[in-house]
Amino acid sequence: MRLRGLVTGLMLAVWGMQAIAQEFVPAPVTAAGYDTPCDPLMARFLPGEFNYCLGRRAWLRGRYEYAIEMLELSAAWGSKPAQQLLGLIYFNGENVEQDRPLGLAWFSLSAERGDSWRTGLLRSALQKVSPEEKREAEWIRQGLKARYADEVAAKRADVRFQREMNRFRGNPAYGTGTCLGSTVAGQLAIHSALTPGSMTTGCSLMGEERMAQSLEERRDHLLLGWKGKVEVGPLEPVEKP
């Protein structure tokens, strides 16, 4: 499998969508240099997708440092596409100093759910590195796991989603015909009936329950395979380089 040059193609083909800093506060919805903002609804419910969107758009605009920052934030919410792209960036040295052990560590994390594409990418990368690089990659992976492994990151994303969904469904206006859900410029959005200036007419574009179902489907896609707890296994016995 050819690794070099895949980053740009994957950035264009795969999209996803809050930054986690301190208490996981959302990044700004609109960032300098973007023509249109990433879906603001995702910043509330699925921050991993939101930050992946920011990272992808920044990369395509040549803002590589900011893109990597957003991809790392996305990865900390359990985004496997973000972890995979970080692997490609570092393994190939795409607009950064090449670091194959770091790239390999990201590949390993991205493949922990056992899907065929990412495990295949990991195997391909393993065939291209030395035993020393494998040992260093495993050491790096152990350090990354504390924040980015599914047992931490996917759980964090799921807890966040459930909390926000409970708030949404717990709104006194939910199910009363008051418009909590709508579409804005082709994007999903939520309008709280308790917020001054919010929409209070009947929902004509998307009902509350339909919106909730759509969000749950997107959550399931983001965390696909997590419940199975598939383990890729160690790259090599851990030895500090």
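Residues numbered from 1 in each chain as written. Predicted model: local features only at pLDDT ≥ 70, side-chain atom pairs only at ≥ 80, totals over all residues. Heavy atoms only, no water.

Chemist: Before we go on, may I ask you to explain the nonpolar core in this structure?
Modeler: Across soluble globular proteins, you tend to see nonpolar side chains buried next to one another. Ranked by size, the top nonpolar core spans 56 residues in total, and within it Phe45, Trp106, Phe107, Leu144 and Leu215 carry the most contacts. Leu215 has contacts with Leu41, Met42, Phe45, Leu46, Phe161 and Met165, leaving out every residue within four places of it along the chain. (Core = buried A, V, L, I, M, F, W, Y, C linked by side-chain atoms within 4.5 Å. Buried < 20%, exposed > 50% of the residue type's maximum accessible area, 1.4 Å probe, protein only. Contact = heavy atoms within 4.5 Å.)

Chemist: Looking at this structure, I do not really get the packing of aromatic side chains. What am I missing?
Modeler: The way to describe two aromatic rings as a pair is by their centre distance and the angle between their planes. Inspection of the entire model under this criterion finds five aromatic pairs. Judged by centre distance (6.2 Å) and plane angle (65°), the rings of Phe45 and Phe161 are edge-to-face. Remark: Phe161 occurs in helix 9 (residues 150-169) and Phe45 occurs in helix 2 (residues 40-45); sequence separation between them is 116 residues. As far as the burial class goes, Phe45 and Phe161 line up, both buried. Measuring from ring centre to ring centre gives 4.8 Å for Trp106 and Tyr148, while their planes differ by 65°; the resulting arrangement is edge-to-face. Note that Trp106 is positioned in helix 6 (residues 100-110) and Tyr148 in helix 8 (residues 131-148), a separation of 42 residues in sequence. (Phe/Tyr/Trp six-rings, centres within 6.5 Å; stacked < 30°, edge-to-face > 60°. Helix = DSSP H or I, 4+ residues; strand = E, 2+ residues; numbered from the N terminus.)

Chemist: Where do I start with the state of the cysteines in this structure?
Modeler: Linking two cysteines covalently via their sulfur atoms produces the bond known as a disulfide. Scanning all chains against the criterion turns up one disulfide. Here Cys38 engages in a disulfide with Cys53; their sulfurs sit 2.1 Å apart. The sign of the S-S torsion, about -85°, decides the handedness of the disulfide formed by Cys38 and Cys53: left-handed. Of this pair, Cys38 sits in the loop between helix 1 (6-13) and helix 2 while Cys53 sits in helix 3 (residues 47-60), placing them 15 residues apart in sequence. The same class applies to Cys38 and to Cys53, which are both buried. (Disulfide = S-S within 2.5 Å.)

Chemist: Would you mind going over unusual backbone geometry with me for this structure?
Modeler: Excluding glycine, a negative phi dihedral is what most residues carry, and trans is how most peptide bonds are arranged. If you check the backbone angles, Asn95 has positive phi at about 60° while not being a glycine. Following the sequence through the fold, Asn95 ends up in the loop between helix 5 (80-92) and helix 6. According to the relative accessible area criterion, Asn95 is partly exposed, its value standing at 46%.

Chemist: Sorry, what's going on with the confidence of the model for the chain here?
Modeler: Low pLDDT means the predicted atomic positions in that stretch should not be read closely. Residues of the chain with pLDDT of at least 70 account for 65%, and the chain-wide mean is 77. Across residues 1-34, where pLDDT falls below 50, the model places 107 contacts with residues more than four positions away in sequence or in other chains. For the stretch residues 228-232, pLDDT sits under 50, and the model shows eight contacts to residues farther than four places along the chain or on other chains. (pLDDT = per-residue confidence, 0-100.)

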